[in-house]
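For reference, the chains in residue letters:
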Amino acid sequence: MSISFPENFKEHLETTILNWDDFTESHNQEIPVSIRINSSKLNENLLVENVVSWNEKGRYLKQRPDFTLDPLFHAGTYYAQEASSMSIEAVLDQYLEKENNPVILDLCAAPGGKSTLIADWLNNNGLLVSNEVIKSRAGVLSESLTRWGAPNTVVSSNDPLQLGKLNGFFDCILVDAPCSGSGMFRKDRNAMQHWSEQAVSHCAARQERIIEDIWPALKPNGILIYSTCSYSEAENENIAKFIMQEYDAEPLSIQKLDEIEGVFKSEVGYRFYPHLIKGEGFYLVAFRKNPSHKLTKLDQVKIDVKKSNPFAELIQLASSYKLIGSHLGNSIVTEIMLPHLYTLHKYLHILKSGVNAGELKGNNVIPNHELALSTIIHPDLPSIHLDLNLALRFLKKEALPNTFNANGWNLMKYQNVNFAWGNALQNRINNGLPKSWRILKEID
Ligand code: SAM
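Calculation notes
- Residues numbered from 1 in each chain as written.
- Predicted model: local features only at pLDDT ≥ 70, side-chain atom pairs only at ≥ 80, totals over all residues.
- Heavy atoms only, no water.
- Near = heavy atom within 4 Å.
- Polar contact = N/O pair within 3.5 Å; in protein donor to acceptor, adjacent residues only side chain to side chain.
- Areas by Shrake-Rupley, 256 points an atom, 1.4 Å probe, with all protein chains shown as cover.
- Helix = DSSP H or I, 4+ residues; strand = E, 2+ residues; numbered from the N terminus.
- Nonpolar A, V, L, I, M, F, W, Y, C, P; charged D, E, K, R; others polar.
- Buried < 20%, exposed > 50% of the residue type's maximum accessible area, 1.4 Å probe, protein only.
- Pairing = 2+ DSSP bridges.
- Right-handed = clockwise from strand over helix to strand, strands pointing away.
- Contact = heavy atoms within 4.5 Å.

Draft legend 1. Structural detail: the site of the ligand. What surrounds the ligand is a group of 17 residues, the closest being Cys108, Gly113, Glu132, Arg137 and Asp176. Between the ligand and proline 111 there is a distance of 3.5 Å, counted from an oxygen atom to a backbone nitrogen or oxygen. A distance of 2.8 Å separates an oxygen atom of the ligand from a polar side-chain atom of arginine 137. Within the complex, 83% of the 600 Å² of free accessible area of the ligand lies under protein. Of all elements in the fold, only α5 (113-122) and α8 (197-214) reach the threshold of two or more residues within the shell around the ligand. Taken together, the residues of the shell around the ligand break down into 10 nonpolar, 2 polar and 5 charged.

Draft legend 2. Main features of the pairing of strand β5 (residues 103-106). Alternating residues of β5 divide into Val103 and Leu105 and Ile104 and Asp106, and every residue in both groups is buried. Here β5 runs beside strand β6 (residues 127-131); their pairing, made up of 4 bridges, is parallel. Bridging from a neighbouring strand, aspartate 106 pairs with serine 130 of β6. Each parallel crossover has a hand, and for β5 linked through α5 to β6 it is right-handed. As judged from the 3 bridges shared by β5 and strand β8 (residues 170-176), these two strands associate in the parallel manner. For leucine 105, the partnering residue across the bridge sits in β8 and is isoleucine 173.

Draft legend 3. Examining the sheet that holds strand β15 (residues 329-334) more closely. The 5 strands lie next to each other as β13-β14-β15-β17-β18, forming an open sheet whose pairing is antiparallel. Here the strands that pair on one side only, and so sit at the sheet edges, are β13 (304-305) and β18 (364-367). Bridge analysis of strand β14 (residues 321-326) against β15 gives 6 bridges, and the strand direction is antiparallel. Across the sheet, residue leucine 323 finds its bridge partner in β15, namely isoleucine 332.

Draft legend 4. The arrangement of the side chain of serine 84 in detail. Looking at where serine 84 falls in the secondary structure, it is placed in the loop between β4 (78-80) and α4 (88-95). By relative accessible area, which is 0% here, serine 84 ends up buried. Residues in contact with serine 84, not counting those within four places in the same chain, are Trp54, Phe272, Ile277, Gly279, Glu280 and Phe282.

Draft legend 5. Looking closely at unusual backbone geometry. Backbone torsion omega between alanine 110 and proline 111 reads 5°, so that peptide bond is classified as cis. With respect to the helices, strands and loops of the structure, proline 111 is situated in the loop between β5 and α5. A positive phi angle, near 75°, is found at asparagine 124, a position not held by glycine. Note on asparagine 124: relative accessible area 34%, which makes it partly exposed. Unusually for a residue other than glycine, glutamine 415 sits at a positive phi of about 45°. For glutamine 415, the position within the fold is in the loop between β21 (408-414) and β22 (417-424).

Draft legend 6. Examining the pairing of β21 more closely. For β21, the tally of buried residues reaches 5 of 7 residues, placing the bulk of the element in the interior. In the sheet, strand β19 (residues 383-386) pairs with β21 via 4 bridges, with the strands oriented parallel. Looking across to β21, one finds that isoleucine 384 is bridged to methionine 412. Taken together, the 7 bridges between β21 and β22 define a ladder with antiparallel strand orientation. In the strand pairing of β22, tyrosine 414 is matched with valine 417. Between β21 and β22, which pair antiparallel in sequence order, lie 2 residues; one of them, glutamine 415, sits at a positive phi of approximately 45°.

What follows is the structure in C-alpha cells.
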C-alpha cells in the first residue's frame, strides 16, 4: 500500500528532506529488521553476516521472526532494535572511557533499547541509571533490563526535574526525547494519525523543558547525548541550538558517523534517513558540558549492606559483589555501583537496583527470576536443557514432567542459555517463571 503522509507533512519538511521522491519511495519498501546482540550471553562471532555498519553488535535479519516464540529472546541474548538507534554507541566509544567507571543516565528509557546498548557497552563497569517517567512503561523497561542481565543497572521512575536534583552526578546523560515520531512512520503507520505541526511544537517545547530540567545533573565536562526519531528541525537542530546558546556547549563531531556514507551531517548533529541508509529516521547530537559548573553536596541514605551472602554459591566471582537489603528485597550489586546507591536511593523512586537474588525461607534459598537471567549467575549450577517445544511450554508457565532425573532448583536452558528457574520434584518440574512473564500466544 503506497504511503500517504499527513496533511502539511511535505510542506513542513520540504527544506529538510532533500530528495522527497526517494524519501517517499523508501516508505513503500520493505522495512529492515535488525537486532543487537547481548555480547555477555551470545558470541557475536557466530553471526558474522549483515553487520550494521555503525554498530558491530547490530545484525540485519533476512526476515522478521516471531520474537515471542523465540526462547533466545526471552533469555535476553539480543534486543530487537531498529538500526539507526544503535548509532549512540559511536558517542560512547569516542567520548567515554568504560575503564573509568562512568555513571550514565538514560533519562527517557522505556522500552529499553538504548539502555540495553549502554549496559552492553559498559561491560560491567560503572553504572547505568535507566529512567522512565511514565509508570505504566517503567515496568516494561525493568523487564528489558532484567532479560539483559547486567548487574550494574538501576531502574527508576522519576520526572526529569527530580533527576535534575542529582547535581553533577552523571558522566553522561542520554535524552532520547519523546517526539512527534515521524522517523517511525514506515514502521508504524498508525503514528501518522497523531502527527500535526501543532504536535511538533508541543514536543519541541517539552524537549526544551526536559533539557533545562536535567542539565544540572550532568558533571562538568560530562557528555549529553540528545536524540529523537523525528525529522522536524524544531525538535532536532533547534533544540541543539538552544543547548548551545543556553549552556555555552559545543556540539561534538562523531568520527565513526562522519565516515559512514549515507549518514547525513546536518548543520548541527547527524540525521539518518530511510532512503540513504538501512534504518529508520533518527537524529543524534552530542555535547560536552562546560567545566565551570558549581557542584553542591548531595544527601545520602543508609543502605543495609549484608555481612554475609547466602546467595554466594549461585554467583560467579561472588566476592566481587555485595548483597544489599532494601524495599526491593535482596539485591546483588557491584562494588563500584554501591557508593552511588546511597545517593540514588535517597532521591529516586527505584524499581530495580542490581539483580534481585531471591528470598530466604529458613535455610533455603528461593532464587529470583532476575538471577536466572543475570550475567553473574554461576555457570556450573544444575541445569535442564530443553528443546524448542518444551522451552516454549515452560515459557507458557506449564509444569513439565520430571523426565530429567533432576532434583531441586535447576536453571532451564535453551541452546545453552538460561531463561528461567525450575524446581524439580520427584514427578514434575515446577515452573519458576513469574506469572506476568508467561507468553500468552499459542504454540503449534
Ligand atoms: N530510549 C527508548 C528506547 O531506546 O527504547 C525510547 C524512548 S521514547 C523515544 C521516549 C520516552 O520518553 C517514552 O518512553 C516516554 O514515555 C518518555 N517520556 C514522555 N514524556 C516524558 C517527559 N516529560 N520527560 C521524560 N520522558 C518522557
